[in-house]
Amino acid sequence: MQSLWNDAEASRFPGDLGQRVYTSRLLGRNADLVLHGGGNTSVKVRKPDLFGDELDVIYVKGSGWNLVTIEAAGFAPLRLEPVRRLVEIPDLSDTQMVQGLRSNLIDPTAPSPSVETILHANLPHKYVDHTHADAFVAISNTADGPARVREIYGDEVVYIPYVMPGFRLARRCAELFAQYATDKTIGMALLNHGLFTFGETARESYERMIDLVSRAEAYLQRQGAWQVKLPSPVEQAPPSREAIADLRHQVSTFAGAPMLLRLHRDAHARAFAAHPELARISQQGPITPDHVLYTKRLPLLGDDLAAYAKAYRDYFAACQNRFPGQLQQLDPAPRVILKPEWGLLTAGRTARINRRIEDLYRHTIDVIARAEALGGYQALPAADIFDVEYWELEQAKVKVQANQPMFTGEVVLVTGAASGIGRVCVDAFLARGAAVVGLDLNPVVATQLDRPDYLGLQSDICDEAALEAAFDATVTAFGGLDMLVLNAGIFKAGTSIAELSLAAWQETMQVNLDANLSLLRLAHPLLRLAPNGGRVAVIASKNVPAPGPGAAAYSASKAGLTQLARVAALEWAADGIRVNVLHPNAVFDTGLWTEEVLQDRAARYGLSVEAYRRNNLLQTEVRSTDVANLAAALCGPLFARTTGAQIPIDGGNERVI
Ligand code: ZN
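Residues numbered from 1 in each chain as written. Predicted model: local features only at pLDDT ≥ 70, side-chain atom pairs only at ≥ 80, totals over all residues. Heavy atoms only, no water.

> Honestly, the packing of helix H14 (residues 305-319) against helix H16 (residues 382-389) in this entry has me stumped. Any pointers?
The description of two packed helices rests on the angle between their axes and on the distance between the axes. One can describe the packing of H14 onto H16 by two numbers: an axis separation of 10 Å at closest approach and a directional angle of 90 degrees. As summarised for this structure, H14 and H16 are arranged roughly perpendicular, according to the angle between their axes. Contact with H14, carried on its side by Tyr312, Tyr315, Phe316 and Cys319, involves Ala382, Ala383, Ile385, Phe386 and Glu389 of H16 and no other residues of that element. Taken together, the residues that form the contact of H14 with H16 break down as 8 nonpolar, no polar and 1 charged. (Axes fitted to C-alpha atoms, helices over the stretch in contact; angles between N-to-C directions. Helix = DSSP H or I, 4+ residues; strand = E, 2+ residues; numbered from the N terminus. Parallel < 35°, antiparallel > 145°, perpendicular 65-115°, else oblique. Contact = heavy atoms within 4.5 Å. Nonpolar A, V, L, I, M, F, W, Y, C, P; charged D, E, K, R; others polar.)

> Before we go on, may I ask you to explain the sheet that holds strand S12 (residues 411-415) in this structure?
Backbone hydrogen bonds hold the strands of a sheet together, and the pairing may be parallel or antiparallel. Pairing within the open sheet is parallel, and its 7 strands lie in the order S14-S13-S12-S15-S16-S17-S18. Each having just a single partner strand, strand S14 (454-458) and strand S18 (646-649) make up the two edges of the open sheet. Here the average twist between neighbouring strands, direction ignored, is 15 degrees. The pairing of strand S13 (residues 435-440) with S14 spans 5 bridges and is parallel. Bridge assignment links leucine 439 to a residue of S14, and that residue is leucine 457. On the sheet, helix H18 (residues 420-431) packs against S12, S13, S14, strand S15 (483-486) and strand S16 (535-539) and is oriented at approximately 170 degrees with respect to S12. Helix H25 (residues 624-635) contacts S15, S16, strand S17 (578-584) and S18 of the sheet and is inclined by roughly 165 degrees relative to S17. (Pairing = 2+ DSSP bridges.)

> Even after reading the chapter, I still don't get the coordination of the zinc ion, so can you show me in this structure?
Put simply, the ideal angle at a metal is 109.5 degrees for four donors in tetrahedral geometry and 90 or 180 degrees for six donors in octahedral geometry. Note on the zinc ion: its protein donors are His130 (NE2), His132 (NE2) and His193 (NE2). The metal-donor distances range over 2.1 to 2.2 Å. Mapped onto the sequence, the donors of the zinc ion take the spacing H-x1-H-x60-H. On the criterion of sequence distance, the pair formed by histidine 130 in strand S4 (residues 127-131) and histidine 193 in the loop between strand S6 (187-190) and strand S7 (194-199) is long-range, its members being 63 residues apart. Just as histidine 130 is buried, histidine 193 falls in that class too. (Donors = N, O, S within 2.8 Å, 3.2 Å for Na, K, Ca; no water. Buried < 20%, exposed > 50% of the residue type's maximum accessible area, 1.4 Å probe, protein only.)

> Could you clarify how one ought to interpret the sheet that holds strand S5 (residues 157-160) in this entry?
Strand order in this open sheet of 7 strands is S3-S2-S1-S4-S7-S6-S5, and the pairing throughout is mixed. In this open sheet, the two edge strands, each paired with only one partner strand, are strand S3 (75-79) and S5. On average, each strand axis in the sheet is tilted by 20 degrees relative to the strand beside it, whichever way the strands run. Inspection of the sheet shows strand S1 (residues 40-48) paired to S4 by 4 bridges, in the antiparallel sense. Bridged to valine 43 within S4 is tyrosine 127. Taken strand by strand, helix H8 (residues 167-180) contacts S5, S6 and S7, and its axis lies near 140 degrees from that of S5.

Distances and angles like these do not, on their own, reveal function.
See below:
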């Protein structure tokens, strides 16, 4: 492992805290050192308080910040002396510890300081760095891990047998450091957990971390346990969309809420899922206990959800007496699934959490493979993992998480998603917590948003092969489909029937009607498996109840689409799928309404463009966001008992009423 220190770059981060920010980001840049919120760092400074009196302050990484993107504001400043002294209290619950820390913040708006703050405060050095480096945990998580770690670091580090993070760990580290630290000590090795290093400058502390990790990597290389090749997976056909959606349905049932499922079929994932020793190596536990909060203790092998849930409940029953009082059992659904014939699947309530689970598990795969090459992976006993999964600070979070957006864990597919109503529908469903798949002919659909809960696919909805591929991609990325918004449509302006060619008629029918039949047919098997029931919102038109001259093809196509939707509502009610239709009118902030069409229409009604915009009974403008919000509402709980309905959104129209 190379130091990423760069003098020019470092000079842009002035002051003690600036240097702390810089090398924290250097740690964060290397995924083999820390992942996501993992790892933490600190710096001790002297600064005047409000009275001008000099005060010793420790800046510690705040929770919720990632090292790679941390800023000065991501560090919580605390009075050093009282925080250091907390370790003298013989026993402190972690809730009391957090209170003790928070009451010593010198900035009450600062983020919550890391639970390892007391540990940092009790090390005498100015800078302290902490990571869960892969190479170290690979060596540590073996039967003779402690001996191997000692062989690597000799008397340059203080060894800490595994203790759960929190107050007890801080106390144990302070004791062992006082007992064993010498002039040679540059760090601490926390078995089954990670490494600490320290120094008088940010660079010294950071480069000592790189040094300790490099020694672990060199050791793995010498033992032939560095470049580990997983066995080659057998080429297998990908699973059907329905099979994946069915598995997602089951996972959601056991989780008690809709979950997103992501299938990984690359060589790395499939090789591990097909590992001949999978049952032994995957069923021991996480590489560091904090992973349990995302990955659960064990992955599911195969697809027997009921057996997995029973084993999880048994584990809870066996361990729950480790804490006083009543614990709230977490859902018994797996977060990582290994199916030898499919590959790796990850399950999360949101796409962001799902990505995190994937990252953690991919590192887990490499660590397990290296530990195996060293003689055998061996994780901490279940009880130690339980302690982290159910410790009081995590239990407190469970109660806070109840209020999530209404479509959390659900997936919607929107057609015509690059512009107009479709584009705004994307935002409306994202804002309500859904993962969104946007289809459009315009390639912009693929790049218009860069976030894990959005998948944009350039796709021609008139091409069934392209639609098949789009549904494949949807199910691979998110596990299924809960909602469908049929929005894409074309409007060829101002042709009277006397001049309407069959080709123009057919083109409109193909996009506005035929393509939606294909979409509905392909979506049906997935919507049927939606954990909360499938929903379809069809964007039709006021022209259905109240057609106008010059729009025969458009009006007929939308009338056909409405009738198609009504029949779908009849046929699919038994599958729990609701189908409702919106009839918008005069939504002028969409691509259909060019300035030319607007002027033409206004003139036809003898109105100015401005008056034409509000030419409805309520004299109000209907915007695309209004339509998108109604489409989302129709898919939501407010309309849970409504199907086959046609709802105008037109500001009120006498002919419609
Ligand atoms: Zn840690």
